[in-house]
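Per-entry structural report
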Amino acid sequence: MKIVMLGAPGAGKGTQAKQIADTYGIPHISTGDIFRANIKNGTELGRKAKEYMDKGLLVPDELTCDLVVDRISQPDAEKGYVLDGFPRTIPQAEALTNALEARHEKIDYAIDIEVPDENIIRRMSGRRACLTCGATFHTEFAPPKVEGVCDVCGDKLVLREDDKPETVANRLSVYHEQTQPLIDYYTGKGVLVEVDGTLDIDVVFEKIREILGA
Ligand code: ADP
Ligand code: AMP
């Protein structure tokens, strides 16, 4: 099963993608997590990506597309995967479609998680991320067992630099300009499904399960 998660920053893509990956036994591939791991490890890619991420801008397609095409070619992605945060532009979606078509494959579902802009700032300012294992919590809606500590790996939780309100506003306008057109793109391919992302985390996942079946 090959799935693309769509939705504004903070809509809940990562939260749901992790549950989908666990339930269906497929890898969760988050380009944001890949970039953050590169930043943490001080790689050249991380250094370049950080310049854009800190400003709430998209990392250029040239640095992003090959990385994803390479990742979905790994053996653990043979049965499928859930892509979180990719594609984010029409050229990225086309690069993905072309790479898949070359192998006679296609995306099965593009799941659009709908959350109005008014809710996003509250979502982002309360998000706490573990930069070691990629787990995500929320101070109000999904608190960790111990404040400031990751339930999964025990490392410290942080407010991401790009989750500060001034950067979130930029990210939202980038989303509307560059990423929202993907809703029409995947509607045209007949694979778009929409889910109300304002519901509780578990309820959103139930809806996704109904769509994916089993
Ligand atoms: P995205 O991957 O789309 O940027 P996340 O999955 O990281 O978004 O979710 C953003 C924040 O909102 C996180 O702190 C997460 O715990 C919280 N969150 C996710 N889904 C919901 C929901 N349905 N209701 C309330 N909070 C949510
Ligand atoms: P995310 O973790 O998905 O919220 O992504 C955090 C940041 O990483 C984004 O605001 C972008 O700067 C960058 N990023 C992640 N995925 C992509 C992508 N597919 N294309 C361009 N930039 C990306």
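This section reports on the structure supplied with the text. Every value quoted in this text rests on a predicted model; they were computed, and no experiment measured them.

Before going further, it helps to spend a moment on the site of ligand 1. The immediate surroundings of ligand 1 are formed by 20 residues, with Gly-14, Thr-15, Arg-127, Phe-137 and Leu-199 found nearest. At 3.2 Å from an oxygen atom of ligand 1 is found a main-chain nitrogen or oxygen belonging to Ala-11. Note that a nitrogen atom of ligand 1 is positioned 2.7 Å from one of the backbone N or O atoms of Leu-199. Surface burial for ligand 1 is 94%, taken as the share of its 560 Å² of free accessible area covered by protein chains. Counting only elements with at least two residues in the shell around ligand 1, the list comes to helix H1 (13–24), strand E6 (136–138) and helix H9 (201–212).

With that settled, the discussion passes to the layout of surface pockets. The space that makes up the second largest pocket amounts to roughly 250 Å³. Forming the boundary of the second largest pocket are Arg-36, Ile-39, Lys-40, Lys-50, Met-53, Asp-54, Leu-131, Val-158, Leu-159, Arg-160, Glu-161 and Asp-162. Those elements that place two or more of their residues in the lining of the second largest pocket are helix H2 (31–40) and helix H3 (44–53). Top element by residues in the lining of the second largest pocket is H2. It accounts for three residues.

This part takes up unusual backbone geometry. The peptide bond linking Phe-86 to Pro-87 adopts the cis configuration, its omega dihedral lying at -5 degrees. Mapped onto the elements of the fold, Pro-87 is located in the loop between strand E3 (81–84) and helix H5 (90–101). The phi torsion at His-104 lies on the positive side, around 60 degrees, for a residue other than glycine. When you line up the elements, His-104 lands in the loop between H5 and strand E4 (109–114).

Further remarks concern the site of ligand 2. If you check the shell around ligand 2, you find 16 residues, and the closest are Thr-31, Arg-36, Leu-57, Gly-85 and Arg-171. In the environment of ligand 2, an oxygen atom lies 2.6 Å from a nitrogen or oxygen atom belonging to the backbone of Leu-57. Contact distances for ligand 2 include 3.1 Å between an oxygen atom and a side-chain N or O atom of Arg-160. Bound to the protein, ligand 2 loses 96% of the 480 Å² it would expose on its own. Tallied by class, the residues present in the shell around ligand 2 amount to six nonpolar, five polar and five charged.

Listing the buried residues of helix H4 (residues 61–71) in full gives Thr-64, Cys-65, Leu-67 and Val-68. Close packing links the buried residues of H4 with H2, H3, E3 and H5.

Another aspect to go through is the sheet that holds strand E5 (residues 127–130). An order of E6-E5-E7 is seen for the three strands of this open sheet, with the pairing classed as antiparallel. Of all strands in the sheet, those bounded by a partner on one side alone are E6 and strand E7 (157–158). With three bridges connecting them, E5 and E6 associate as antiparallel partners. When the sheet's bridge partners are listed, Arg-128 is paired in E6 with Phe-137. Sheet strands in contact with helix H6 (residues 117–126) are E5 and E6, and its direction is about 40 degrees off that of E5.

As a packed pair, H1 and H9 sit with axes 10 Å apart at the nearest point and diverge in direction by 50 degrees. One way to sum up the angle between H1 and H9 is to call them oblique. The handedness of the crossing between H1 and H9 comes out as right-handed. Contact residues: Thr-15, Gln-16, Gln-19, Ile-20, Thr-23 and Tyr-24 in H1; Ile-201, Asp-202, Val-204, Phe-205, Ile-208, Arg-209 and Leu-212 in H9.

On to a negative patch on the surface, then. Taken together, Asp-200, Asp-202, Glu-206 and Glu-210 make up a surface patch of like negative charges. Turning to its location among the elements, Asp-202 is positioned in helix H9.

Calculation criteria
Residues numbered from 1 in each chain as written. Chains lettered and ligands numbered in written order. Predicted model: local features only at pLDDT ≥ 70, side-chain atom pairs only at ≥ 80, totals over all residues. Heavy atoms only, no water. Near = heavy atom within 4 Å. Polar contact = N/O pair within 3.5 Å; in protein donor to acceptor, adjacent residues only side chain to side chain. Areas by Shrake-Rupley, 256 points an atom, 1.4 Å probe, with all protein chains shown as cover. Helix = DSSP H or I, 4+ residues; strand = E, 2+ residues; numbered from the N terminus. 1 Å grid on protein atoms, 1.4 Å probe; cavity = no way out; pocket = protein on both sides within 12 Å on 5 of 7 lines; lining within 4 Å. Points joined across faces, edges and corners; volume = space filled by probe spheres on them. Nonpolar A, V, L, I, M, F, W, Y, C, P; charged D, E, K, R; others polar. Buried < 20%, exposed > 50% of the residue type's maximum accessible area, 1.4 Å probe, protein only. Contact = heavy atoms within 4.5 Å. Pairing = 2+ DSSP bridges. Axes fitted to C-alpha atoms, helices over the stretch in contact; angles between N-to-C directions. Parallel < 35°, antiparallel > 145°, perpendicular 65-115°, else oblique. Left-handed = near helix turned anticlockwise from the far one by under 90°. Patch = residues over 30% accessible without salt bridge, like charges linked within 9 Å, V, L, I, M, F, W, Y side chains within 5 Å. Salt bridge = Lys/Arg side-chain N within 4 Å of Asp/Glu carboxyl O. Lys, Arg positive; Asp, Glu negative; His and termini not counted. Charge placed at Lys NZ, Arg CZ, Asp CG, Glu CD.

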